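# A structural walkthrough
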Amino acid sequence: MTLDHAQERFDYNAYGELQFNATSINNSDVYSYNLERDKLGRITKKMEMLQGVTTQIEYKYSASGELSEVWTNGALTEKYSFDIYGNRTEGRYNEQDELTEYKGYSYEYAEDGGLKTRNSMTGTRTFDYDYAGNLLKVELENGNIIEYLSDAKNRRISKKINGTSQTPLSLTI
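Below is a summary of the structure that appears in this document. Keep in mind that this is a model prediction, so the values were computed, not measured.

A tally of regular secondary structure across the protein chain gives zero helices and 16 strands. Dimensions of the protein chain along its principal axes, counting C-alpha atoms only, are 50 × 40 × 30 Å. Looking at the 173 residues of the protein chain, the share that counts as buried comes to 26%. Look at the contacts in the protein chain between residues 6 or more apart in sequence, and 6% of them connect residues 24 or more apart. Carbon together with sulfur atoms contributes 49% to the accessible area of the protein chain, which is approximately 11800 Å² in total.

Below you can see the structure in the form of structure tokens.
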């Protein structure tokens, strides 16, 4: 599969917010999603289609604006609560308000605030960034290496896993 056969389409609303994205290969849609937003521009619903399977994701927000619930195909899949400072109460935070522990993971940060490592029982995941804060490389616990390339507008344009290009980019998570 080459990039010559892959096409991606983006549609935006009147405020310049992404509303629709579709990726097709050989003129056949393989991935697409529609976003619905509230008056504040927050995403409230995402209808996602991946290779013919549709998933509906709904996002609920608290009165103070934090994401409080995520519903997937009608089932509650995530629930969050927050303290008076806006931190999730399920985790631990350092004096810079950086998440340091959450659901069995511990996190370390670089001086500039970028995530440096995520540690768990299965090992350590490391992250490297460029000067603009774009993610360049992730070393996974199993030894796999994921590399990203961004263009001059800081848009991610390429992804490699263990040196092998992944195409199309929008299908890889």
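Another point: the nonpolar core. In this structure, Ala 6, Leu 18, Ile 25, Val 30, Tyr 31, Tyr 33 and Leu 35 together form the largest nonpolar core, which totals seven residues. Residue assignment for this core shows that the elements contributing at least two residues are strand 2 (18-25) and strand 3 (28-37). Of the residues forming this core, the biggest block, four residues, is contributed by strand 3. Grouped together as the second largest cluster of nonpolar side chains are six residues, Phe 127, Leu 135, Val 138 and Leu 140 included.

Quick look at the pairing of strand 15 (residues 156-161) now. Here strand 14 (residues 145-150) runs beside strand 15; their pairing, made up of five bridges, is antiparallel. Of the residues in strand 15, the one forming a bridge with Glu 147 is Lys 160. Linking two consecutive strands that pair antiparallel, namely strand 14 and strand 15, is a turn of five residues; a positive phi of about 65° is found at Asn 154 within it. Here strand 15 runs beside strand 16 (residues 164-165); their pairing, made up of two bridges, is antiparallel. Following the sheet pairing, Lys 160 is matched in strand 16 by Ser 165. As consecutive antiparallel partners, strand 15 and strand 16 are separated by two residues, and within that stretch Asn 162 has a phi angle of approximately 50°, a positive value.

Summed over the entire model, instances satisfying the criterion amount to two aromatic pairs. Positioned above the aromatic ring of Tyr 61, the side-chain terminus of Arg 42 is 4.3 Å from the ring centre.

The pairing of strand 5 (residues 53-61) with strand 6 (residues 67-72) spans five bridges and is antiparallel. By the bridge assignment for strand 6, Tyr 59 is matched with Val 70. If you look at the hairpin formed by strand 5 and strand 6, you'll find five residues sitting between the two strands, and Gly 65 has a positive phi there, around 100°. Across four bridges, strand 6 lies against strand 7 (residues 75-79) in antiparallel orientation. Its bridge partner being in strand 7, Val 70 is matched across the sheet by Glu 78. In sequence, strand 6 turns back onto strand 7 through a hairpin of two residues, with Asn 73 there showing a positive phi of about 50°.

Moving on to the side chain of Ser 68. Along the chain, the position of Ser 68 falls in strand 6. For Ser 68, the residues in contact, after removing those within four places along its chain, are Lys 60, Tyr 61, Ser 62, Glu 78, Lys 79 and Tyr 80.

Look at Asn 26: it is not a glycine, yet its phi comes out positive at around 50°. For Asn 26, a relative accessible area of 52% gives the class exposed. Residue Asn 27 is not a glycine yet carries a positive backbone phi of 65°.

Cut-offs used in this document
Residues numbered from 1 in each chain as written. Predicted model: local features only at pLDDT ≥ 70, side-chain atom pairs only at ≥ 80, totals over all residues. Heavy atoms only, no water. Helix = DSSP H or I, 4+ residues; strand = E, 2+ residues; numbered from the N terminus. Buried < 20%, exposed > 50% of the residue type's maximum accessible area, 1.4 Å probe, protein only. Contact = heavy atoms within 4.5 Å. Areas by Shrake-Rupley, 256 points an atom, 1.4 Å probe, with all protein chains shown as cover. Core = buried A, V, L, I, M, F, W, Y, C linked by side-chain atoms within 4.5 Å. Pairing = 2+ DSSP bridges. Phe/Tyr/Trp six-rings, centres within 6.5 Å; stacked < 30°, edge-to-face > 60°. Lys NZ or Arg CZ within 6 Å of the ring centre and 35° of its normal.

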